[in-house]
Amino acid sequence: MTDHSPVQLSGRLRRDLGTLESYAALLGILIGAGIFTVTSYAWTLTGPSVILGYVVLFPMILATSVPYAAFLSTPLGREPGGEYTHLSRTLGNYRLAFVGAWLKIISYLGALAFLANSLADYLIAVSGGRLNAAAHRLPLALLSLLFFYLVHAVGVRWFGRLQVTMCAVLGCALVVLIVPGLFAIRPANYQPFVTHGLRGFLACLAPLFFSYAGFESLAQTAGEVKDSTARLPWVFLKGLSGTALIFILMSVVAFGVLPGAQLQASHAPMVEVAALYLPGGAAWFVGIGAVMALTTSLNSTMLVPSRLMLMLAQDGLAPAWLGAINARTGTPVFGLTLSLAASVLLLVSGQLMLALNVAVFALVILYFLHSLTFVLLPRRNPALAKQITLTLSSRVQRAAAWLSVLTMGGLIALQIAEDLQTLGKLSFSQRLAEHALTSVELVLLWGAVGLVLYALRKRGV
């Protein structure tokens, strides 16, 4: 078997998603655990200048989204796979694309387990004492995974309908949180604005990046969105811009209303913020909004691994049964089932950090490679380059790609520098015992596993 032998798979994905569902999928996966939990953690690194961190990261992310939008405006935008499809068809290097897809699958399985766990924590926080973490966290997390698995298994149309409904509730909750919150800000809470200097501010960018990371998952819906090559490129660009504004406003309100130390210690930070200036019912509704933020993110995340598995199976790089599509529902049920099983295993074993800690670093590497591939596109695949229909000028597209290459490269360097410090402080046995393996170590470990799997598929195993 060659490394990209096409395989005829049973069944076809159904194009049941429209523009509204696409925006809901993008906003849902972004306004999730990041803004509700990572923001308070980032405060310990740099204080209220977390707000500036979101501002600084936005042009980097927007620039990174431009190559995705450009690729999706070509015929490649009719199939899922995202950067796997774009890298493999541009560079002809299926080994690199496979390892990237493998790392992404691992990342999203870890994210599934993490989001389910975070959702359980929020449900416990808004239950008014009727639920407790010791007895109910794991059952609630497992039930949430099972629920969204069933939603996806019965058809992508139901994924879309549920996502739009949950996003509508989330949007109302954000309005209730942000608009009155702007009038409850205490400027003294922003002082000092930068608490640990430039080094602390740079350190906060990596965790804050988690809030933006995952935007590219929208590309996995390309095989199920009507007129995807026309709709998805602008959903990327407009949706990311709207999300960045929400992130900035939420952090302005959060740090302006509640002292950072109190915010950082809270299990439900936005609920605690809202409770200071909203009546009980409205504050409770914000809590429901926080739950919706996590459920919309969980719903979108569930879609990603199975669509990547489908493309790998289609290229002969994964067993054909992983890409099988149920004729009645139009969904890759086996891929979804494997995603469910793996995320459940991570939760039950308590080892979800082995997959989650690789997530942001792996995605930054993929963003870097994807943007670099777009820079090389005119030379490596001129026929595909001529099929780009995105209305941004080619000069703007290339400038955005280069900005992404430089900034994502900078984030990679920051993460490596931070990990080198950890390697110098702790021995391997200490890192293993404390579940503190660095992102670099985990990327190398999971990448090596991916290379072994690729070699086995090439040999027809």
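Let me sum up the structure you'll find in this document.

Re the nonpolar core
Ranked by internal contacts, the top residues of the largest apolar core, which has 126 residues, are Tyr84, Phe209, Phe215 and Val273. Counting residues per element, this core draws most heavily on helix α5 (residues 94-125), which supplies 19 residues. In terms of nonpolar packing, the next biggest core, distinct from the first, is built from 14 residues, Ala69, Leu377, Leu390 and Ala401 among them.

A word on a nonpolar patch on the surface
Together, Leu52, Val55, Phe193 and Val194 line one region of the surface with nonpolar side chains, adding up to about 290 Å² of accessible area. Mapped onto the elements of the fold, Val194 is located in the loop between α7 (156-181) and α8 (197-212).

Looking at the pattern of salt bridges
Taken as a whole, this structure holds six salt bridges when the rule is applied. Arg137 is the salt-bridge partner of Asp121, the closest N and O atoms lying 2.7 Å from each other. Residue Asp121 is located in helix α5, and its partner Arg137 is located in helix α6 (residues 133-153); the two are separated by 16 residues in the primary sequence. For Asp121, a relative accessible area of 26% gives the class partly exposed.

Notes on the packing of aromatic side chains
Tallied over the full model, the rule gives 14 aromatic pairs. Seen from their ring centres, Tyr68 and Phe215 are 5.6 Å apart, and the 80° between their planes marks the pair as edge-to-face. Here Tyr68 is found in helix α3 (residues 50-72), whereas its partner Phe215 is found in the loop between α8 and α9 (228-257), with 147 residues between them in sequence. The two residues Tyr68 and Phe215 agree in class, both being buried. Look at Phe71 and Phe374: their rings are 5.7 Å apart centre to centre, the planes differ by 75°, and that puts the pair in the edge-to-face class. Here Phe71, found in helix α3, pairs with Phe374, found in helix α15 (residues 359-380); they are 303 residues apart in sequence, far enough to count as distant.

Re the side chain of Thr221
Among the secondary structure elements, Thr221 is positioned in the loop between α8 and α9. Classification of Thr221 as buried rests on a relative accessible area of 3%. A polar contact of 2.6 Å, which involves the side chain of Thr221, links it to the backbone oxygen of Leu218. Those residues in contact with Thr221, other than ones at most four positions away along the chain, are Leu17, Leu232 and Leu303.

Points about unusual backbone geometry
Each neighbour pair has its own omega, and for Gln191 with Pro192 the value is -10°, a cis peptide bond. Mapped onto the secondary structure, Pro192 falls in the loop between α7 and α8. Even without glycine at this site, Asp227 takes up a positive phi of about 50°. In this fold, Asp227 is placed in the loop between α8 and α9.

Focus: the packing of α3 against α15
Closest axis-to-axis distance for the α3/α15 pair is 9 Å, and the angle between their directions is 55°. In terms of axis orientation, α3 runs oblique to α15. Crossing of α3 over α15 shows left-handed handedness. Where α3 approaches α15, its residues Thr64, Pro67, Tyr68, Ala70 and Phe71 are matched on the opposing element by Tyr367, His370, Ser371, Thr373, Phe374 and Leu377. Residues belonging to the contact of α3 with α15 are distributed by class as follows: seven nonpolar, four polar and no charged.

Considerations on the packing of α7 against α9
Two elements in contact, α7 and α9, have axes separated by 9 Å at closest approach and are oriented at 55°. One element, α7, and the other, α9, form an angle in the oblique class. Viewed along their axes, α7 and α9 form a crossing whose handedness is left-handed. Facing α7, whose interface residues are Leu174, Leu177, Ile178 and Gly181, α9 presents Ile246, Leu249, Met250, Val253 and Val257. Of the residues belonging to the contact of α7 with α9, the class tally is eight nonpolar, one polar and no charged.

Parameters and conventions
- Residues numbered from 1 in each chain as written.
- Predicted model: local features only at pLDDT ≥ 70, side-chain atom pairs only at ≥ 80, totals over all residues.
- Heavy atoms only, no water.
- Core = buried A, V, L, I, M, F, W, Y, C linked by side-chain atoms within 4.5 Å.
- Buried < 20%, exposed > 50% of the residue type's maximum accessible area, 1.4 Å probe, protein only.
- Helix = DSSP H or I, 4+ residues; strand = E, 2+ residues; numbered from the N terminus.
- Patch = residues over 30% accessible without salt bridge, like charges linked within 9 Å, V, L, I, M, F, W, Y side chains within 5 Å.
- Areas by Shrake-Rupley, 256 points an atom, 1.4 Å probe, with all protein chains shown as cover.
- Salt bridge = Lys/Arg side-chain N within 4 Å of Asp/Glu carboxyl O.
- Phe/Tyr/Trp six-rings, centres within 6.5 Å; stacked < 30°, edge-to-face > 60°.
- Polar contact = N/O pair within 3.5 Å; in protein donor to acceptor, adjacent residues only side chain to side chain.
- Contact = heavy atoms within 4.5 Å.
- Axes fitted to C-alpha atoms, helices over the stretch in contact; angles between N-to-C directions.
- Parallel < 35°, antiparallel > 145°, perpendicular 65-115°, else oblique.
- Left-handed = near helix turned anticlockwise from the far one by under 90°.
- Nonpolar A, V, L, I, M, F, W, Y, C, P; charged D, E, K, R; others polar.

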